[in-house]
Amino acid sequence: PEVITVQELANRMAERGADVIKQLMRMGVMATINQTIDADTAELVIAEFGHRVRRVSEADVEVGLRLNDDAETALVPRPPVVTIMGHVDHGKTSLLDALRQTDVVSREAGGITQHIGAYQVQLESGAKITFIDTPGHAAFTEMRARGANVTDVVVLVVAANDGVMPQTIEAIHHAKAAKVPIIVAINKIDLPDAKPERVRQELLQHELVVEELGGDIQTVEVSAKAKRNLDKLEEAILLQAEILELKANPERTAEGVVVEAKLERGRGSVATVLVQRGTLKVGDVFVTGSEWGRVRALVNDRGQSVEQAAPASPVEVLGLNGTPLAGDDFTVVESEARAREIAEFRQRKKREAANAASARGSLQDMFSRI
Ligand code: GTP
Ligand code: MG
C-alpha cells in the first residue's frame, strides 16, 4: 500500500503538521507526526485542505527510466569488465597492480595513476580491459545484492603454493551464482614450492574443470611479483570476452553503476561510475540511487579531466547533490525537474522503509519486554 508520513504530507502541502493531525482527528484517524497513513486517507486530507491531488506512482516515476531498446545495429563491441577474487594473501592486490602497469597509455603518460575504484588497461593491440579495483567478495556480493551485475568475467586468484582455500571456494560460489565465467590465475609460480598441477586437481573437486583436464575453464600460471605471464592472462580475458560478445550502444544517454562513492573535502560528493551503456558527458543531468545532480566534471583513472566517458569505462563524477551507495544505478535523464522528481520519490520510499523498519523494531522491543 502507498503510504506517506503525516510530516511528509504536511511538508508537501506546505501546511503545519499540527493542522494535518487535527484534520485527521476530525476524520476519525489518530496519527502522530511520524506515523504513516495510506494513500486514500492522504488524498482526503489533501482535498480538505483544498489542494490538488497528484499521485505519483512508482510506475509513473520509474517507467521509461531505463530503456532496453538498443537496436542490434546500434551495438558495438565494448571492453570486458573484470573483478578479481580469491583467498586472502593469494595476491589479488599485487596482480591488480601488476596488470595496471601493463597499460600502454599510462606508461606513456609517466605512470601517474589515480585510485578511483576501477581502472582500464589498454594493451599494445589497442584492446582494453576494465578492472574493478575493489577486490574481495564483500564488494562483489554487496553490489549484486543491490541488483548491480557489473562483472563480465571473474579472475580467480589461487596461490600455487597454498592451493584452494575457504575463500577460494566462496568466490567460486559467488561467481557461479552470478553466472559469471571464471578464469583461474594460478599465482606465485615463481616460488619454489609452487604446485600448479595440484591447484588444477583441487579445483576439480569444486566443479571447476580446467582445460588441461578436459573442461572449459581457462587457467594461466602467473607471477604478480615477477610479472610473469600477465600478457597471457590478458589474452585469456579477451578470449573469454570474445565468446561473450560484449556490446553496448555508445550513442545514447548514459547508464551505469556506482562502484564507489565518498564525500571529499573541497570536491563534494564524488562517485566512481562504471558506464555500461551510452556515453556520459559533462553537463548531463542524472539520477543515482536517491540522489541527483549535473555532471560538473569527469575525471578518468589517470587523473585526467575528460569531456566524456564511453561504455565500460570507469570515471569519477563530480556534481552530485548527495553521496550514493556502491551498486546504485546511475542514469542520465532529460531534465533537472525529472531528476529531482525521481530522486525525491526514491528518498520518500527509503524513509518509508526506514519508518516501517523502526516501527517493527519498537514492536519487537515491546514484545521482548513483556
Ligand atoms: P588480501 O587483500 O589481504 O586478501 O591479500 P591479496 O590477495 O590482495 O594479496 P597481496 O597482493 O596483498 O599479496 C599477499 C602477499 O603475497 C604479499 O606479500 C605479496 O608480496 C605476495 N605475493 C603476491 N603475488 C606474488 C607472487 O606472484 N609471487 C610471490 N612470491 N609473492 C607474491
Ligand atoms: Mg589485497
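Residues numbered from 1 in each chain as written. Chains lettered and ligands numbered in written order. Predicted model: local features only at pLDDT ≥ 70, side-chain atom pairs only at ≥ 80, totals over all residues. Heavy atoms only, no water.

The name recorded for the chain in an unreviewed UniProt entry is Translation initiation factor IF-2, from Azospirillum brasilense.

Here we look at the packing of helix α5 (residues 92-100) against helix α10 (residues 230-244)
Running from amino to carboxyl end, α5 crosses α10 at an angle of 90°, the nearest separation of the two axes being 10 Å. Of the possible angle classes, the one that applies to α5 and α10 is roughly perpendicular. In this structure, α5 contributes L95, A98 and L99 to the contact, and α10 contributes L230, L233 and E234. A breakdown of the residues in the contact of α5 with α10 according to their chemical character gives 5 nonpolar, no polar and 1 charged. (Axes fitted to C-alpha atoms, helices over the stretch in contact; angles between N-to-C directions. Helix = DSSP H or I, 4+ residues; strand = E, 2+ residues; numbered from the N terminus. Parallel < 35°, antiparallel > 145°, perpendicular 65-115°, else oblique. Contact = heavy atoms within 4.5 Å. Nonpolar A, V, L, I, M, F, W, Y, C, P; charged D, E, K, R; others polar.)

Focus on unusual backbone geometry
Of note, the phi angle at K227 is positive, near 55°, even though the residue is not glycine. Mapped onto the elements, K227 comes out in the loop between β9 (219-221) and α10. Classification of K227 as partly exposed rests on a relative accessible area of 43%. (Buried < 20%, exposed > 50% of the residue type's maximum accessible area, 1.4 Å probe, protein only.)

Some details on the site of ligand 1
If you check the shell around ligand 1, you find 15 residues, and the closest are K92, T93, S94, D190 and A224. Within the side chain of K92, an N or O atom sits 2.8 Å from an oxygen atom of ligand 1. Burial of ligand 1 by the surrounding chains reaches 70%, relative to a free accessible area of 650 Å². Looking at the shell around ligand 1 element by element, the count peaks at 3 residues for α5. (Near = heavy atom within 4 Å. Polar contact = N/O pair within 3.5 Å; in protein donor to acceptor, adjacent residues only side chain to side chain. Areas by Shrake-Rupley, 256 points an atom, 1.4 Å probe, with all protein chains shown as cover.)

Overview of a nonpolar patch on the surface
A surface patch of nonpolar side chains, amounting to about 190 Å² of accessible area, comprises L204, V209 and L213. Summarising the element assignment, V209 is placed in the loop between α9 (196-204) and β9. Its relative accessible area of 32% is what places V209 among the partly exposed residues. (Patch = residues over 30% accessible without salt bridge, like charges linked within 9 Å, V, L, I, M, F, W, Y side chains within 5 Å. Salt bridge = Lys/Arg side-chain N within 4 Å of Asp/Glu carboxyl O.)

Observations concerning the sheet that holds strand β5 (residues 118-122)
Strands belonging to one sheet form pairs held by backbone hydrogen bonds; the direction of such a pair is parallel or antiparallel. Here 6 strands make up an open sheet; going across it, the order is β5-β6-β4-β7-β8-β9 and the pairing mixed. Each edge of the open sheet is held by one strand with a lone partner, namely β5 and β9. Each adjacent strand pair in this sheet contributes to an overall mean axis angle of 30°, direction not counted. Examined bridge by bridge, strand β4 (residues 81-86) and strand β7 (residues 153-159) share 5 bridges and lie parallel to one another. Pairing of V82 across the sheet is with V153, part of β7. (Pairing = 2+ DSSP bridges.)

Observations regarding the packing of aromatic side chains
For the coordinates displayed, the defined rule picks out 2 aromatic pairs. Aromatic pair Y119 and F131: ring centres 5.6 Å apart, planes at 35°, arrangement tilted. Of this pair, Y119 sits in strand β5 while F131 sits in strand β6 (residues 128-132); the two residues are 12 residues apart in sequence, bridging distant segments of the chain. In this structure, Y119 and F131 share a single accessibility class: buried. Seen in terms of ring centroids, F286 and F330 are 4.5 Å apart; in terms of plane orientation they differ by 25°. Their pairing is stacked. With a gap of 44 residues between them, F286 in strand β14 (residues 285-288) and F330 in strand β19 (residues 329-333) connect regions that are remote in the sequence. (Phe/Tyr/Trp six-rings, centres within 6.5 Å; stacked < 30°, edge-to-face > 60°.)

Points about the pattern of salt bridges
Side chains that differ in charge, positive against negative, can pair when their charged atoms come close. Tallying each qualifying case throughout the model produces 20 salt bridges. We note a salt bridge from R16 to D19, for which the minimum N-O separation is 3.3 Å. A relative accessible area of 25% means that D19 is categorised as partly exposed.

A closer look at helix α3 (residues 39-48)
What sets the pattern is the α-helix's 3.6 residues per turn: residues three or four places apart point alike. Among the residues making up α3, those that are buried are A39, T41, A42, V45 and I46. All buried residues of α3 lie within an arc of 155° about the axis, which places them on one face of the element. Facing away from the buried side of α3 by more than 90 degrees, the exposed set consists of D40, L44 and E48. Residues of α3 that are buried sit in contact with β1 (3-5), α1 (6-13), α2 (17-26) and β2 (36-38). The backbone nitrogen of D40 lies 3.1 Å from a side-chain oxygen of the residue at the head of α3, namely D38. Immediately downstream of α3, the backbone of G50 shows phi near 80°, a positive value. (Arc of directions from axis to C-beta.)

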